[in-house]
Amino acid sequence: MPSNLPKGYKHISKKFFKEHDIEAWDKVEIKKGNSIFQGIILPRNQFAEDGYIEIKLKNGYNIGIKVQDLDTVRVVGKNPPMKVEFKGVSVPKDRAKPNVTLLGTGGTIASRLDYVTGGVIPAFQPHELYAAVPELADICNLDTKIVFKIFSEDMEPKNWLRLAKEVASLSNKEIDGVVIGHGTDTIGYSTAALSFLVKNLKIPVVFVGSQRSSDRPSSDAAMNLIHATQLAANGDIAEVVLCMLGSSSHTFGYIHRGTRVRKMHSSARDAFKTIGDIPLGKIDHGEITWFKNNLVRKSEVNSDVDTVCSTKIESKCALVHIYPGMSAEIIDFYIDKGYKGMVFAGTGLGHAPNHTFKAIDRATSEDVTVVMALQTLWGFTGMDVYSNGRKLKDLGVIPADMIPETAFAKLCWILGECESKDEIRTLMITNIAGEILPREEIRGYRILQGRTE
Ligand code: ASP
């Protein structure tokens, strides 16, 4: 009878292990149809489905196999336990090192793979990440706190506000920087939202995520976390930024301004790009190089002025993608449901179909703020060029020279702050956190489209 049953397995799998005298970390050979797999029996996470076993293959990948589907299984060797279970570590504080707080919100960076479904499930706690990436202890004294544990597609404006409050209170403490682990899907919304919600920031606030979960050999989690922590610990910046790999080689990270960054690839490790500009800078082996000089410098902010956070946010805002043939009913729907604001990701220079004008007119007459951003992402709104744009402006649509997600987060923030139409318009077209560019950086827009240079 095996004494060392692998952890995390339930009834069917446990029975199977007992029957075949298999223990954790045993090297096994499994035959399934024409395939033969050799690997090491791994423990499983507590949420894993019953009836499967997980093995780590020689190439480093882990797979799950349904026990019912196996033809034969044979123990071919006994292995010493691998260190895959992370325990919380407590490292004594070193007064000479900077102090950084890591806030956990969820996402791939704080999760692991479920090898049965292939899905990524939230599991790692920030302190476990700390244990998994021991290099962090060399960079700073790290405190960790879980704010929430959700995938970023489930974030809501109220979550931005909660996070902003945490950040504001940390900025008023004697710490050097904050790192926020966040799912990558909507991380750009959160970086934008916090850029508006938190005022008089005194320290770097570095958002970070990972495109591949922490227990995959190709994971970018560790490298991103190291770069983000180095930046939070030592960066002379007091802004909300995102720091993630700048290329698929795990060498350097780009530092993107929170109001200008966008996820541009669903799986590449260098998925994040600064839009309309070049990144603020780069971090490579701990060395920070700034490309831009219009930064809010940590060394220059007045530390006597308190960091403050908005107390309200308007969540009844919508982000609407304009498309050929879209129905005006979509706009009517939001008005009828009591929405306070709408951001359009308009076509071209900031257009919407003529047949939606009546509904747009209704929206602005009923005090729903309507903002026009661009689905082209690059370039500026030009609502005076075509008659369509001019008409929309006459209907009260506010042109926004920023990426649609940033315009959306900004509108949620503005409508939480003020009610006067003039104030709303003025704030929307005023640059608050680097979201509105004086001009486009020509070296920024570069889509190779098959060219090699
Ligand atoms: N869907 C995940 C999220 O955004 C992906 C990730 O973590 O990167 O939370």
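First, a word on what this report is: a plain description of the structure on this page. None of these values were measured; they are calculated from a predicted model. (Residues numbered from 1 in each chain as written. Predicted model: local features only at pLDDT ≥ 70, side-chain atom pairs only at ≥ 80, totals over all residues. Heavy atoms only, no water.)

## Some words on the overall build of the protein chain
- Summing up its helical and strand segments, the protein chain has 11 helices and 23 strands in all.
- Per-residue burial over the protein chain gives 54% buried out of 453 residues.
- Of the contacts formed within the protein chain by residues at least 6 apart in sequence, a portion of 71% connects residues at least 24 apart.
- Counting only carbon and sulfur atoms, one obtains 49% of the accessible surface of the protein chain, whose full area is about 21,000 Å². (Helix = DSSP H or I, 4+ residues; strand = E, 2+ residues; numbered from the N terminus. Buried < 20%, exposed > 50% of the residue type's maximum accessible area, 1.4 Å probe, protein only. Contact = heavy atoms within 4.5 Å. Areas by Shrake-Rupley, 256 points an atom, 1.4 Å probe, with all protein chains shown as cover.)

## Comments concerning the site of the ligand
- Neighbouring the ligand are the residues Gly107, Thr108, Phe151, Ser152, Glu153, Gly183, Thr184, Asp185 and Ser210.
- A distance of 2.9 Å separates a nitrogen atom of the ligand from a polar atom in the side chain of aspartate 185.
- At a separation of 3.2 Å, an oxygen atom of the ligand approaches a polar backbone atom of serine 210.
- Protein chains shield 89% of the accessible area of the ligand, which is 260 Å² for the free molecule.
- For the shell around the ligand, the class distribution of residues is one nonpolar, six polar and two charged. (Near = heavy atom within 4 Å. Polar contact = N/O pair within 3.5 Å; in protein donor to acceptor, adjacent residues only side chain to side chain. Nonpolar A, V, L, I, M, F, W, Y, C, P; charged D, E, K, R; others polar.)

## Here we look at the sheet that holds strand β6 (residues 99-104)
- With mixed pairing, eight strands are arranged side by side in an open sheet as β9-β6-β10-β12-β13-β14-β17-β18. A single partner strand is all that each edge strand has here, and the edge strands are β9 (141-146) and β18 (287-290). With strand direction ignored, the average angle separating the axes of adjacent strands in the sheet is 25°.
- Pairing of β6 with strand β10 (residues 177-181), which is carried by five bridges, proceeds in the parallel orientation. Its bridge partner lying in β10, leucine 102 is registered against valine 179.
- Along the sheet face, helix α5 (residues 187-197) touches β10, β12 (205-208) and β13 (240-245) and points at about 155° away from the line of β13.
- Across the sheet, helix α6 (residues 221-234) touches β6, β9, β10, β12, β13, β14 (252-257), β17 (281-284) and β18, and the angle it forms with β13 is around 145°. (Pairing = 2+ DSSP bridges. Axes fitted to C-alpha atoms, helices over the stretch in contact; angles between N-to-C directions.)

## Overview of the sheet that holds strand β23 (residues 398-399)
- Read from one edge of the open sheet, four strands run β20-β21-β22-β23, paired in parallel fashion. Strand pairing shows two members of the sheet lacking a second neighbour, β20 (317-321) and β23, which therefore form its edges.
- Where strand β21 (residues 341-346) and strand β22 (residues 369-374) come together, six bridges link them in parallel fashion. Of the residues in β22, the one forming a bridge with glycine 346 is leucine 374.

## Focus on the environment of lysine 145
- Examined against the element boundaries, lysine 145 turns out to sit in strand β9.
- Residue lysine 145 is classed as partly exposed on the basis of its relative accessible area of 36%.
- At a separation of 3.0 Å, a polar atom in the side chain of lysine 145 contacts the side chain of glutamate 166.

## So, the pattern of salt bridges
- Using the criterion set out here, one finds 18 salt bridges in the structure.
- The salt bridge partner of lysine 298 is aspartate 176, with a shortest N-O separation of 3.9 Å. Linking lysine 298 in the loop between β18 and β19 (308-309) with aspartate 176 in the loop between α4 (157-171) and β10, this pair joins segments that are 122 residues apart in sequence.
- On the accessibility criterion, lysine 298 (22% relative accessible area) is partly exposed.
- Residue classification places aspartate 176 among the partly exposed residues on the basis of a relative accessible area of 24%.
- In this structure, glutamate 239 engages arginine 257 in a salt bridge whose closest nitrogen and oxygen atoms are separated by 2.9 Å. Linking glutamate 239 in the loop between α6 and β13 with arginine 257 in strand β14, this pair joins segments that are 18 residues apart in sequence. By the burial criterion, glutamate 239 is buried, and arginine 257 matches it.
- A network of salt bridges, in which partner residues are shared, links Asp332, Asp336, Arg362 and Glu366. (Salt bridge = Lys/Arg side-chain N within 4 Å of Asp/Glu carboxyl O.)

## Notes on empty space enclosed by the protein
- For the structure shown, the criterion picks out four cavities of 30 Å³ or more.
- Counted as a void, the largest cavity has a volume near 100 Å³.
- Arg260, Leu377, Gly379, Asp401 and Met402 are the residues nearest the centre of the largest cavity, which is lined by 15 residues in total.
- One number sums up the size of the second largest cavity: a volume of about 50 Å³.
- Along its surface, the second largest cavity is lined by Arg257, Arg260, Thr274, Asp277, Ile278, Leu280, Lys292, Gly434 and Leu437. (1 Å grid on protein atoms, 1.4 Å probe; cavity = no way out; pocket = protein on both sides within 12 Å on 5 of 7 lines; lining within 4 Å. Points joined across faces, edges and corners; volume = space filled by probe spheres on them.)

## Points about the nonpolar core
- Counting residues in hydrophobic clusters, the biggest one holds 77 residues, and the most contacted among them are Trp160, Ile180, Leu194 and Met428.
- With eight residues, helix α10 (residues 404-417) is the largest single contributor of residues to this core.
- Contacts of methionine 428, omitting those with residues within four sequence positions, involve Val371, Ile398, Ala400, Met402, Ala407, Lys410, Leu411, Ile414 and Ile436.
- Membership of the second largest hydrophobic core comes to 22 residues, among which are Ala318, Ala328, Phe357 and Val368. (Core = buried A, V, L, I, M, F, W, Y, C linked by side-chain atoms within 4.5 Å.)

## A look at the packing of aromatic side chains
- Per the stated rule, a full pass over the model turns up eight aromatic pairs.
- Joined through ring pairs, the aromatic side chains of Trp160, Tyr189 and Phe408 make up one cluster. (Phe/Tyr/Trp six-rings, centres within 6.5 Å; stacked < 30°, edge-to-face > 60°.)

## Description of the pairing of β21
- When you tally the buried positions in β21, you get six out of six residues, the bulk of the element.
- Side chains Gly341, Val343 and Ala345 of β21 all project onto a buried face; the interleaved residues Met342, Phe344 and Gly346 project onto the opposite face, where all are buried too.
- Pairing of β20 with β21 involves five bridges; the strand directions are parallel. Bridge pairing in β21 places cysteine 317 opposite glycine 341.
- Running through helix α7 (residues 329-336), the crossover from β20 to the neighbouring parallel element β21 is right-handed.
- Note that the unit made of β21, helix α8 (residues 357-365) and β22 has a crossover that is right-handed. (Right-handed = clockwise from strand over helix to strand, strands pointing away.)

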